[in-house]
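Listed below are the residues making up each chain.
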Amino acid sequence: MTQDAISIEGLVKTYRGSKGEPEKTALKGVDLAIPRGSVFGLLGPNGAGKSTLINILAGLVKKTAGKVQIWGFDQDINPRQSRASIGVMPQELNLDPFFSPRGALEVQAGLYGVPKSQRHSDDILRLVGLEDKADAYARTLSGGMRRRLLLAKALVHRPHVLVLDEPTAGVDIELRQMLWQNIRQLNRDGMTIILTTHYLEEAEEMCDEIAIIDHGDLVARDSTANLLERLDAKTLVVHPETPLIEAPRTKGIETELRVDGSLALTYRRQVTSAEQVLDFVRASGISIRDLRSEEPHLQDVFLALTASRQD
Ligand code: ADP
Ligand code: MG
C-alpha cells in the first residue's frame, strides 16, 4: 500500500468521436501522485482535461489506459474499496427533485452500503448548514442549498478523499466562504481534498500543492509556494514626488505609467537586481515618495505555463 491518497500512472483517455467527429484524447499519459492530508488543486484552462481526470477517479468515466490507485487500492483490482475511499462533488447540479435533503442522503448511504447504525445524516446536514431544511421539498431549495446538498452527498460514506469539481463556480461570496470553511474543517479532520477551480486566487488561498494540466498534459506539479517562486518576474512600484509625463525606458526593465500616477518597473530577478532598478529610477531624475514591491500571483505562473502551448 502506498502512502499517497491518489496515485496515477500513464493515464490516457480518448473519447470516441460521435457523428463524424474525430476522436479526442483528453488525457495524454498523466502521472500524478497526491499525498494524504493535503488540499490539492487541479488547475487548467477550459477543456484541459480536469473533469475527465476527476470523473475517472470517481468511476464515472472509463479510462483508456493507465493505472489509478485510490488510498492504495487499484481501481481495476479492488474496485469496491477504491470507490469507497473517494467521494465526489460533481460540477453539475444533478439532484433528484423528489427527495428532501435527508432523503437524498439516505438513498446515497444505501448506494454505498452504509448500515443504518453508521449513518450520520444529521451531522452532515449541520456541517453544510442544511439542518433546517432536512425535510424540505427539494424544489424549495435555492441553488446554493442544492450545491451544499451535493457536498453533503459526497460525504455520506466518510471517504478518505473528497474531490470537488469547480465547487465555487458561479456561487455568491457568502456560499463560497461557507464552502471554503467546510473544506478547511474537513481537511483539519484528516480528509484529503482535491479541487479543481479556475479561480486562481482560490487555489492560491486554499491549496498546499497544485498540478496544472493543459491539453491533456501535466505541465507543472509543485507546492503553491514553489510555483509562485518559480516565476522570475518581479515588479517594483514607485510613487514619484512629482507627476511623470511618460515612463522612462531602458533595456531589461519593463516600465509602465499607471493611472494612479505610479511607475511600475518589472524586471527578471536573475538578470537585474532591485538595486539596479532603483539606480535607473534615480538616474531618470525621479525622486521617490513611496516604494513597494508586487509579488507574482498564480495567475502569472499559470499564464506563463499555458499561454504559448499548442495542441
Ligand atoms: P475541463 O474539465 O478541464 O474543462 P474536460 O475534461 O471536461 O476539461 O474536457 C477535456 C476535453 O475532452 C475537451 O476537449 C472536451 O471537449 C473533451 N470531452 C469531454 N467529455 C467528452 C465526451 N463525453 N465526449 C467527447 N469529448 C469529451
Ligand atoms: Mg470541467
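Here the structure is a predicted model, which is why all the values come from computation and not from measurement. (Residues numbered from 1 in each chain as written. Chains lettered and ligands numbered in written order. Predicted model: local features only at pLDDT ≥ 70, side-chain atom pairs only at ≥ 80, totals over all residues. Heavy atoms only, no water.)

*Asks:* Any chance you could explain the overall build of the chain here in plain terms?
*Replies:* Along its length, the chain carries ten helices and 14 strands. Along the three orthogonal principal directions, the C-alpha set of the chain runs to about 75 × 45 × 45 Å. For the chain, the proportion of its 311 residues judged to be buried stands at 45%. For the chain, restricting intrachain contacts to residue pairs at least 6 apart in sequence, the fraction spanning at least 24 positions comes to 68%. (Helix = DSSP H or I, 4+ residues; strand = E, 2+ residues; numbered from the N terminus. Buried < 20%, exposed > 50% of the residue type's maximum accessible area, 1.4 Å probe, protein only. Contact = heavy atoms within 4.5 Å.)

*Asks:* In this structure, what is going on with the environment of Gln-299? I would like to understand it.
*Replies:* Within the fold, Gln-299 resides in helix 10 (residues 298-306). Along the chain, Gln-299 and Leu-186 lie 113 residues apart, while their C-alpha atoms are 27 Å from each other.

*Asks:* Got a minute to help me understand the site of ligand 1 in this structure?
*Replies:* Taken together, Tyr-15, Lys-24, Ala-26, Pro-45, Asn-46, Gly-47, Ala-48, Gly-49, Lys-50, Ser-51 and Thr-52 make up all the residues around ligand 1. Within the side chain of Lys-50, an N or O atom sits 2.8 Å from an oxygen atom of ligand 1. Between Ser-51 and ligand 1, the recorded distance is 2.9 Å, taken from a backbone N or O atom to an oxygen atom. Surface burial for ligand 1 is 61%, taken as the share of its 560 Å² of free accessible area covered by protein chains. (Near = heavy atom within 4 Å. Polar contact = N/O pair within 3.5 Å; in protein donor to acceptor, adjacent residues only side chain to side chain. Areas by Shrake-Rupley, 256 points an atom, 1.4 Å probe, with all protein chains shown as cover.)

*Asks:* Explain the packing of aromatic side chains here, please?
*Replies:* We describe a pair of aromatic rings using the distance from one ring centre to the other and the angle between the two ring planes. Per the counting criterion, the structure on display carries zero aromatic pairs. Above the face of the Tyr-112 ring, Arg-83 is positioned so that its terminal group lies 4.7 Å from the ring centre. (Phe/Tyr/Trp six-rings, centres within 6.5 Å; stacked < 30°, edge-to-face > 60°. Lys NZ or Arg CZ within 6 Å of the ring centre and 35° of its normal.)

*Asks:* Help me out: how do you make sense of the domain arrangement of the chain in this one?
*Replies:* Taken domain by domain, the chain consists of domain 1 (1-85 + 160-168 + 187-227 + 298-311), domain 2 (93-158) and domain 3 (232-295). Domain 1 and domain 2 are separated by 26 Å when their C-alpha centres are compared. Each partner contributes residues to the interface: domain 1 has eight residues there, and domain 2 has eight residues. Together domain 1 and domain 2 conceal approximately 570 Å² of surface at their shared face, both sides included; 57% is due to carbon and sulfur atoms. The interface formed by domain 1 and domain 2 holds zero salt bridges in total. (Domains from an automatic or database assignment. Buried area = accessible area lost by both parts, 1.4 Å probe. Salt bridge = Lys/Arg side-chain N within 4 Å of Asp/Glu carboxyl O.)

*Asks:* Explain the environment of Gly-44 to me, please; I cannot follow it from the model alone.
*Replies:* For Gly-44, the location among the structural elements is in the loop between strand 3 (39-43) and helix 1 (50-57). Exposure remark for Gly-44: the relative accessible area of 4% places this residue in the buried category. Through-space distance from the C-alpha of Gly-44 to that of Thr-306 is 8.1 Å; in sequence the pair is 262 residues apart. Residues within four places of Gly-44 in sequence aside, it is in contact with Lys-50, Ile-213 and Phe-302.

*Asks:* What is the right way to read the nonpolar core from this model?
*Replies:* Burial of nonpolar side chains together is a common tendency in soluble globular proteins. Core analysis: the largest hydrophobic core is formed by 43 residues, its most contacted members being Leu-151, Leu-162, Leu-164 and Ile-193. Residue contributions to this core reach at least three from each of two domains, namely domain 1 (1-85 + 160-168 + 187-227 + 298-311) and domain 2 (93-158). Setting aside chain neighbours within four positions, we find Leu-151 in contact with Met-89, Val-128, Leu-162, Leu-164, Leu-179 and Asn-182. (Core = buried A, V, L, I, M, F, W, Y, C linked by side-chain atoms within 4.5 Å.)

*Asks:* Just checking my understanding: could you explain the packing of helix 5 (residues 143-154) against helix 6 (residues 173-188) for this structure?
*Replies:* Two packed helices can be described by the angle between their axes and the distance between those axes. Look at helix 5 against helix 6: their axes get within 11 Å of each other, and the N-to-C directions meet at 15 degrees. By the angle between their axes, helix 5 is roughly parallel relative to helix 6. In the crossing of helix 5 with helix 6, the sense of the turn from one axis to the other is right-handed. Contact residues: helix 5 offers Gly-144, Arg-147, Arg-148 and Leu-151, while helix 6 offers Leu-175, Met-178, Leu-179 and Asn-182. In terms of residue class, the contact of helix 5 with helix 6 is made up of four nonpolar, two polar and two charged. (Axes fitted to C-alpha atoms, helices over the stretch in contact; angles between N-to-C directions. Parallel < 35°, antiparallel > 145°, perpendicular 65-115°, else oblique. Left-handed = near helix turned anticlockwise from the far one by under 90°. Nonpolar A, V, L, I, M, F, W, Y, C, P; charged D, E, K, R; others polar.)

*Asks:* Even after reading the chapter, I still don't get the packing of helix 3 (residues 101-111) against helix 5, so can you show me in this structure?
*Replies:* Put simply, helix 3 and helix 5 touch, their axes get as near as 9 Å, and they point 30 degrees apart. On the basis of the axis angle, helix 3 is roughly parallel to helix 5. Of the two possible hands of crossing, helix 3 and helix 5 adopt the one that is right-handed. Within the contact between the two elements, helix 3 uses Pro-101, Ala-104, Leu-105 and Gln-108 and helix 5 uses Leu-149, Ala-152 and Lys-153. When its residues are assigned to classes, the contact of helix 3 with helix 5 shows five nonpolar, one polar and one charged.

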